[in-house]
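The primary structure of each chain is shown beneath.
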Amino acid sequence: MAAIKRISNAVWNGTGLEGSGTLSTTSGVLKDTPYSFAARFQSEDGKAGTNPEELIAAAHAGCFSMALSFQLTGAGFPPTQLATKATVEMEKGDAGFKVSAIKLSVEGTVPNITEEKFLELAGVAKANCPISQALSAVPISLDAKLV
């Protein structure tokens, strides 16, 4: 299989603190979506635009959910629903800001599976999801439960 390529574009205008930019994706899901220092470091409600950490969290939640669905289905337990929340934490250190932790929290509705098997397969999905692998320099924790 040939390499899969996905493309996003960022345009930034002005200084880091006072400037702003837009993000766009080939799919059009993001089209000139605003981002700025305020959106990244001050606006917790998200109304000022998106930020790279929010996008990493969305990508990780989506990738992990799909990977877990494949693991469950392959083991004979097709899920009814998987609801994943990814929380990306960023801290300021001496050298500047860095992503310091990612927490995946998943609630699964999976008929006929034991809690033990669900936790096992969630761990496999976390370790093997391509986004988890790409972010392996950051500690990634997992909280998984059946609902």
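The sections below set out a description of the structure shown in this document. (Residues numbered from 1 in each chain as written. Predicted model: local features only at pLDDT ≥ 70, side-chain atom pairs only at ≥ 80, totals over all residues. Heavy atoms only, no water.)

Attention now goes to the sheet that holds strand β2 (residues 20-25). Read across the open sheet, the 3 strands follow the order β1-β2-β3; overall the sheet is antiparallel. The sheet is open, and its two edges are formed by β1 (8-13) and β3 (33-36), each paired on a single side. If you compare each strand with its neighbour and ignore which way they point, the axes differ by 25 degrees on average. (Pairing = 2+ DSSP bridges. Helix = DSSP H or I, 4+ residues; strand = E, 2+ residues; numbered from the N terminus. Axes fitted to C-alpha atoms, helices over the stretch in contact; angles between N-to-C directions.)

Our focus in this paragraph is the side chain of T84. Locating T84 in the fold gives a position in strand β4 (residues 81-93). Looking at T84, its side chain comes within polar contact range of the side chain of S65, at 2.7 Å. Contact partners of T84, with chain neighbours within four places excluded, come to A61, F64, S65, L104, S105 and V106. (Polar contact = N/O pair within 3.5 Å; in protein donor to acceptor, adjacent residues only side chain to side chain. Contact = heavy atoms within 4.5 Å.)

As a further point, take the sheet that holds strand β6 (residues 140-146). Through backbone hydrogen bonds, the strands of a sheet pair up, either in parallel or in antiparallel fashion. Taken in spatial order, the 3 strands of this open sheet run β4-β5-β6, and their pairing is mixed. At either end of the open sheet lies a strand with only one pairing partner, and these are β4 and β6. Across this sheet, the average inter-strand angle for adjacent strands is 15 degrees, counted without regard to direction. With respect to the sheet, helix α2 (residues 52-74) is in contact with β4, β5 (96-109) and β6, its orientation differing from that of β4 by roughly 145 degrees. On the sheet, helix α3 (residues 115-128) packs against β4, β5 and β6 and is oriented at approximately 150 degrees with respect to β6.

We now examine the pattern of salt bridges. Counted according to the given criterion, the structure contains 3 salt bridges. For R40, the salt bridge goes to E53, with nearest N and O atoms at 2.5 Å. Of this pair, R40 sits in helix α1 (residues 37-41) while E53 sits in helix α2, placing them 13 residues apart in sequence. Owing to a relative accessible area of 35%, R40 belongs among the partly exposed residues under this scheme. The closest approach of N and O atoms between E107 and K145, which form a salt bridge, is 3.5 Å. Highlighted residues: E107 in strand β5 and K145 in strand β6, separated in sequence by 38 residues. Given the relative accessible area of 36%, E107 is considered partly exposed. The exposure class assigned to K145 is partly exposed, which follows from its relative accessible area of 40%. (Salt bridge = Lys/Arg side-chain N within 4 Å of Asp/Glu carboxyl O. Buried < 20%, exposed > 50% of the residue type's maximum accessible area, 1.4 Å probe, protein only.)

Structural measurements only, silent on function.
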